[in-house]
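Chain and residue survey
Chain by chain, the residues:
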Amino acid sequence: MEQPDWCSPDKPADGWESAVVRKAPEGELQAQMSHSDKVMEVLKPKKITRLENGNYKVDFGEEISGWVHLHNMQGEAGRKVEIRYICESPNGSNSYTMKGDGPESYAARFTWFVFREAEIINWPGELREDNLTAEAVYTEIETTGHFECSSPLFNQINKIWRRSLTDNSHGSIISDCPHRERSAYTGDGQVACVTVMHNYDAAALYTKWIKDILLAQNKATGYVPNGAPWQPGCGGGVAWGAAMNIMPWEFYLHYADKDLLAANYTGMKEQLRYMQTWVDSDGIMLSQIKRQRKRQRMAQPGRMVPGRRISSERPGSYILSLALCRSYGKMRHQHWERKMDASLFSALAEKTRQAFHKRFYNPVTKIIWSFGQQYLRSGNGSSG
C-alpha cells in the first residue's frame, strides 16, 4: 500500500484523507528527560529448521523482548509473510505484505514481543541466516557494574537476571513481566532497584519513574497505588506503595542526589500517613481491617507461598510490618536537617520493631516465625 513520494508536498490527494483538527490531550506537556527505547542488541540465528508444512522455525539462542527483523525478501506482490513468536506465554504475531518490486526489509516499530524462537510462515524461497535477525529492544541504560566468578552457575544466574531486567525495561519504567501484564508494579520496583542501580547507570530512568509514582499518589489519603503510572488491574497491597519511601532513598545512596529526596519528601511522608491507617494498637500492620462496617482487604504476601494458600493472618502482617519498619527507617536517616521528623520516625520505627519482635519471636525456640516454618508444618514441604 506504500505510495511513491507519499511524503512529498506535491503528492496528489487521491487516496489520502484531509487533515482534521482534533482536541489536544489534557495535562501539562513536559519533555521526556529519560532515555528512550531503542534496538540495544542484535542476535543472529543459532539454528534454522524447515518444518514439514514448509514453514521455518528459528532459534536465536536466548529469550529477549523485541522483534524479528526480516532482511532482503524477494517475492511477488501481495505475498504475506508471517512471524509467530514462540514463548512460554503466547504473546502475538505480526506480518508483512510484500510490494514485490525488489529486496524488501521489515521490522515492527510500535510494540515488542518476547521470544527465543520464532516460526516464519510463507517465506518466499529458502530462508537463510542472513535473511533475519532478532533485535532486543529496551530502554537505553548503560552497564556500569560487572560480575564474574569461578562458578559457572553464579555467572549464568547473573546473565539471566540481566536479561530479565532488560526484557522488562520499556518506556523508562521496569515492568513485572514483558509479555503478559507489562505493568510498572511499585512492589517489584522497590525490590529490584538496588540491584539495578548497582549494575547500571539508571539515574535518568529512576528520576522519571519515581516522578511517575509521586504523580500517581492520592493527594487526599496519601495512598500510592500498586503500579505507576497507574492503570486499572494492577494488583497488590499497601506495601507496594512503600516504593515511595524506599526508591528515592536508594537513589540518593547510589547517586548522591539530595534534590530528588527533597522533591519527593512530602510524598514519602504522605505514604507513611496512609500506611499508619493499617496499623493496630500494638504497632503491627494488618493485611485486612474493618472500616465503617465494611471489610477492606489487600493482597496478602503469604498467599504467594508455593504449593498452597495460607489462610492465617500472620503472613500478611509479617511482611507488611517489615515493610513499614523499613519505610520508617528510610525516613529517619534522610533530610537530617528535619530533626523533628527524624525523631518522630525513629520512635515509630522502634515501636514497630518491638511490636514485630513481640508478635513473631518465639523465646523458647529463639526463632522468628517465617513462611518456611508454616509451610513445613502444613506437611507440604520436606523436614530436611
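This write-up is about the structure you can find in this document.

Rules of the game
- Residues numbered from 1 in each chain as written.
- Predicted model: local features only at pLDDT ≥ 70, side-chain atom pairs only at ≥ 80, totals over all residues.
- Heavy atoms only, no water.
- Pairing = 2+ DSSP bridges.
- Helix = DSSP H or I, 4+ residues; strand = E, 2+ residues; numbered from the N terminus.
- Axes fitted to C-alpha atoms, helices over the stretch in contact; angles between N-to-C directions.
- Parallel < 35°, antiparallel > 145°, perpendicular 65-115°, else oblique.
- Left-handed = near helix turned anticlockwise from the far one by under 90°.
- Contact = heavy atoms within 4.5 Å.
- Nonpolar A, V, L, I, M, F, W, Y, C, P; charged D, E, K, R; others polar.
- Phe/Tyr/Trp six-rings, centres within 6.5 Å; stacked < 30°, edge-to-face > 60°.
- Buried < 20%, exposed > 50% of the residue type's maximum accessible area, 1.4 Å probe, protein only.
- Patch = residues over 30% accessible without salt bridge, like charges linked within 9 Å, V, L, I, M, F, W, Y side chains within 5 Å.
- Areas by Shrake-Rupley, 256 points an atom, 1.4 Å probe, with all protein chains shown as cover.
- Salt bridge = Lys/Arg side-chain N within 4 Å of Asp/Glu carboxyl O.
- Expected span 1.5 Å × (residues − 1).

1. Quick look at the pairing of strand β2 (residues 47-50)
- Pairing geometry for β2 and strand β3 (residues 56-73), over 4 bridges, is antiparallel. Bridge pairing links isoleucine 48 to valine 58 in β3.
- Here β2 hands over to β3 after 5 residues, with glycine 54 in that stretch at a positive phi of 95°.

2. Overview of the packing of helix α3 (residues 203-216) against helix α4 (residues 243-255)
- One way to put it is that α3 packs onto α4 with a least axis distance of 10 Å and a crossing angle of 155°. Looking at the two axes, α3 sits roughly antiparallel to α4. Relative to α4, α3 is oriented so that their crossing is left-handed. Residues Ala203, Tyr206, Thr207, Trp209, Ile210, Ile213 and Leu214 of α3 lie in contact with α4, whose contacting residues are Ala243, Met244, Met247, Pro248, Phe251 and Tyr255.
- Of the residues assigned to the contact of α3 with α4, the class counts are 12 nonpolar, 1 polar and no charged.

3. Details of the packing of aromatic side chains
- In the structure shown here, the tally under the stated rule is 10 aromatic pairs.
- Between phenylalanine 60 and phenylalanine 115, the ring centres sit 6.0 Å apart and the planes meet at 80°, which makes this aromatic pair edge-to-face. Of the two residues, phenylalanine 60 sits in strand β3 while phenylalanine 115 sits in strand β7 (residues 113-121), which places them 55 residues apart along the sequence.
- Residue phenylalanine 60 is classed as buried on the basis of its relative accessible area, which comes to 2%.
- Given the relative accessible area of 0%, phenylalanine 115 is considered buried.
- Ring geometry for tyrosine 85 versus phenylalanine 115: centroids 4.9 Å apart, planes at 55°, classification tilted. With tyrosine 85 in strand β4 (residues 80-86) and phenylalanine 115 in strand β7, this residue pair connects regions lying 30 residues apart in the sequence.

4. Topic: a nonpolar patch on the surface
- A contiguous nonpolar patch, built from Phe147, Leu153, Phe154 and Ile157 and spanning about 410 Å² of accessible area, is present on the exposed surface.
- In this structure, isoleucine 157 sits in helix α1 (residues 152-168).

5. Structural notes on the packing of α4 against helix α5 (residues 258-276)
- Two elements in contact, α4 and α5, have axes separated by 8 Å at closest approach and are oriented at 160°. Put simply, α4 runs roughly antiparallel to α5. Note on packing geometry: the crossing formed by α4 with α5 is left-handed. Residues Met244, Asn245, Pro248, Trp249, Phe251 and Tyr252 of α4 touch α5, and the partners they reach there are Lys258, Leu260, Leu261, Asn264, Gly267, Met268, Gln271 and Leu272.
- Grouping the amino acids of the contact of α4 with α5 by side-chain chemistry returns 9 nonpolar, 4 polar and 1 charged.

6. Observations regarding α4
- Given a rise of 1.5 Å per residue, 13 residues ought to cover 18 Å, and the 17 Å separating the end C-alpha atoms of α4 matches this to within 8%.
- For α4, the buried fraction is high: 10 of the 13 residues fall into the buried class.
- Considered for burial, the residues of α4 that qualify are Ala243, Met244, Asn245, Ile246, Met247, Pro248, Trp249, Glu250, Phe251 and Tyr252.
- Downstream of α4 by a residue or two, alanine 256 has a phi angle that is positive, lying close to 55°.

So yeah, pure geometry; function would need other evidence.
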